[in-house]
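Observations on chain architecture
For reference, the chains in residue letters:
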Amino acid sequence: MSKKQEFKSAMNVMDGIEQPAQVNADAVSKLKAKRPLAMSTTEFVDGIRAGNRTILSKAITMIESALHAHQQKAQEIINACLPHSGKSIRIGITGVPGVGKSTFIEALGLHLTGKDHQVAVLAIDPSSTRSKGSILGDKTRMEQLSVDSRAYIRPSPSAGSLGGVARKTRETIILCEAAGFDVIMVETVGVGQSETTVRSMVDFFLLLMLAGAGDELQGMKRGIMEMADAIIINKADGDNINKARAARIEYKNALHLYPPPESGWIPVVDVCSARTGTGIETTWDYVMDFTEKTKSSGFFEEQRKQQFRQVLTETIDQALKRDFYNRKDISHALARYEKEVLAGNLSPYTAAAMLLTISSEVVR
Ligand code: GDP
């Protein structure tokens, strides 16, 4: 091309003010994030790894979506993020409504972001899984932490069974870790099975308690106390300090009745005030101490492996069960055999064996 032709071309870029490499990269990524399926898995993973919150949120929305195409894309993103995950400490936090969970998480979260940690807060809300409104999410929570650039707060997925919500939260943890969050807090209300569910996805489980909350509450908490790595008695301020200290001794004594935990870590019992901040730093020291000890003993890694194993077998169990009961031939035979069993003509064991034979014969 001659010098003259080159000059005439509309494609030619004249010398002038140098443009930035990409004009408003953030706006571009926001636009793209509006149409998640238009983004490639690589774009998602690169965005997540670069710490782009908009892209992270979109990916989590796809994890939570019931649409098949979203689910498929979500699985691709999760698998690509897996090698970059795992480098956080995952903390489960539970306690009855009003114990001070959100105040505590905000206090601990701000303490940690002040120390250059990146903190993600996720929630499992058993009330919202039954679509009856939410115990955790109704009020404006963690006002300061929610505007902290080093924190990311994601409310509980709002629908589905507890198992479904748990799966979404597990997957969300992976994405948050790939995005660079090094402390993940998973919050749940002390109701029903949700504590066991949260326990199965975290490294450290923290139970928030109140002093003098009554015997019935203590009874309810017994099983949960057994799962805890730390029992922290909140609201140890004002007139409540002495009561909280007395409760600490009581809980310590109660813990002696349990067999020593597999982790080798003796659960700590202490007091704190999420409102004044007293005891927040000590609580974090406990988490650090736990991490150091269980990492050197190998328990930390072993527990995570065990959690993966559990998810794997549970997922297979559920799928097998679903496939079995969804089969027409099985449901017809089941109805027939059930009548025989109830009439006392057939043992339930024989009926079960016959049904399982039917399912294996046809599948082969
Ligand atoms: P959640 O339902 O467990 O999340 O509890 P919140 O964090 O919403 O706290 C419930 C109430 O207890 C709020 O009015 C808080 O201000 C109050 N609260 C939380 N932590 C403390 C504390 O350490 N001391 C005192 N005195 N009040 C607290």
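The structure contained in this document is the topic of the report that follows. Since this is a predicted model, take the numbers as computed values, not measurements. (Residues numbered from 1 in each chain as written. Predicted model: local features only at pLDDT ≥ 70, side-chain atom pairs only at ≥ 80, totals over all residues. Heavy atoms only, no water.)

Quick look at empty space enclosed by the protein now. Once rolled over the atoms, a probe with the size of a water molecule shows which space is left empty. Considering all chains together, one arrives at two cavities of 30 Å³ or more under this definition. Contributing to the lining of the largest cavity are Glu64, Leu122, Ala123, Arg154, Pro155, Pro157, Lys168, Thr169 and Thr172. Elements represented by at least two residues in the lining of the largest cavity include exactly strand 2 (119–124) and helix 9 (162–178). Here the lining of the largest cavity takes three residues from helix 9, the largest share from any one element. Grouping the amino acids of the lining of the largest cavity by side-chain chemistry returns four nonpolar, two polar and three charged. (1 Å grid on protein atoms, 1.4 Å probe; cavity = no way out; pocket = protein on both sides within 12 Å on 5 of 7 lines; lining within 4 Å. Points joined across faces, edges and corners; volume = space filled by probe spheres on them. Helix = DSSP H or I, 4+ residues; strand = E, 2+ residues; numbered from the N terminus. Nonpolar A, V, L, I, M, F, W, Y, C, P; charged D, E, K, R; others polar.)

Position of valine 189 among the secondary structure elements: in strand 4 (residues 183–189). When its relative accessible area of 0% is taken as the criterion, valine 189 is described as buried. For the pair formed by valine 189 and glycine 95, sequence separation is 94 residues and the distance between their alpha carbons is 5.6 Å. (Buried < 20%, exposed > 50% of the residue type's maximum accessible area, 1.4 Å probe, protein only.)

Once that is clear, we can look at helix 13 (residues 280–297). Relative to the 26 Å expected for 18 residues at 1.5 Å per residue, helix 13 spans 26 Å between its end C-alpha atoms, a close match to the ideal helical length. Along helix 13, the residues that are buried comprise Ile280, Thr283, Trp284, Tyr286, Val287, Phe290, Thr291 and Thr294. Buried positions in helix 13, seen along its axis, are confined to an arc of 150° and lie on one side of it. Summarising the geometry of helix 13, the exposed residues directed more than 90 degrees from the buried face are Glu292 and Ser296. (Expected span 1.5 Å × (residues − 1). Arc of directions from axis to C-beta.)

Before going further, it helps to spend a moment on the site of the ligand. Among the 16 residues in the neighbourhood of the ligand, the closest are listed as Gly98, Lys101, Thr103, Asp237 and Ala274. Between the ligand and the protein, one listed contact pairs an oxygen atom with a backbone N or O atom of lysine 101 at 2.8 Å. Protein chains shield 77% of the accessible area of the ligand, which is 580 Å² for the free molecule. Taken together, the residues of the shell around the ligand sort by class into four nonpolar, six polar and six charged. (Near = heavy atom within 4 Å. Polar contact = N/O pair within 3.5 Å; in protein donor to acceptor, adjacent residues only side chain to side chain. Areas by Shrake-Rupley, 256 points an atom, 1.4 Å probe, with all protein chains shown as cover.)

Side chains of residues three or four places apart in an α-helix project in the same direction, reflecting 3.6 residues per turn. Compared with an ideal rise of 1.5 Å per residue, which puts 15 residues at 21 Å, helix 15 (residues 328–342) spans 21 Å between its outermost C-alpha atoms and is within 8% of the ideal. Those residues of helix 15 not exposed but buried are Ile330, Ala333 and Tyr337. The buried residues of helix 15 occupy an angular sector of 70° when the element is viewed end-on, so they sit on one face. Those residues of helix 15 that are exposed and aimed more than 90 degrees away from the buried face are Lys328, His332, Arg336, Lys339 and Leu342.

In strand 6 (residues 230–233), alternate side chains face the same way, and those of Ala230 and Ile232 on one face and Ile231 and Ile233 on the other are all buried. Where strand 5 (residues 204–209) meets strand 6, four bridges bridge the pair, whose relative direction is parallel. By the bridge assignment for strand 6, leucine 208 is matched with isoleucine 232. By the bridge criterion, four bridges tie strand 6 to strand 7 (residues 268–271) in an arrangement that is parallel. Residue pairing in the sheet places isoleucine 232 in a bridge with aspartate 270 of strand 7. (Pairing = 2+ DSSP bridges.)

With that out of the way, let us pick up the packing of aromatic side chains. Aromatic ring pairs are reported here in terms of the distance separating the ring centres and the angle at which the planes meet. A full pass over the atoms with the stated rule returns four aromatic pairs. An angle of 90° between the planes, with centres 5.5 Å apart, marks the rings of tryptophan 265 and phenylalanine 290 as edge-to-face. In this pair, tryptophan 265 is assigned in the loop between helix 12 (241–255) and strand 7 and phenylalanine 290 in helix 13, connecting sequence segments 25 residues apart. The residues tryptophan 265 and phenylalanine 290 share a single accessibility class, namely buried. Measuring from centroid to centroid gives 5.1 Å for phenylalanine 324 and tyrosine 325, while their planes differ by 90°, and the two rings are edge-to-face. Overall, the relative accessible area of 16% leaves phenylalanine 324 in the buried class. What makes tyrosine 325 partly exposed here is its relative accessible area of 49%. Following the ring pairs from residue to residue traces out a cluster consisting of Phe204, Trp265 and Phe290. (Phe/Tyr/Trp six-rings, centres within 6.5 Å; stacked < 30°, edge-to-face > 60°.)

Moving on, we come to the side chain of threonine 113. In this structure, threonine 113 sits in helix 6 (residues 101–113). When residues no more than four places from it in sequence are discounted, the contact partners of threonine 113 are Val119, Leu145, Asp148, Arg150 and Ala151. (Contact = heavy atoms within 4.5 Å.)

This next bit is on unusual backbone geometry. The residue aspartate 116 is not glycine, and still its phi comes out positive at about 70°. Structurally, aspartate 116 is set in the loop between helix 6 and strand 2. For lysine 235, which is not glycine, the phi torsion reads 65° and is therefore positive. Since its relative accessible area comes to 34%, lysine 235 is described here as partly exposed.

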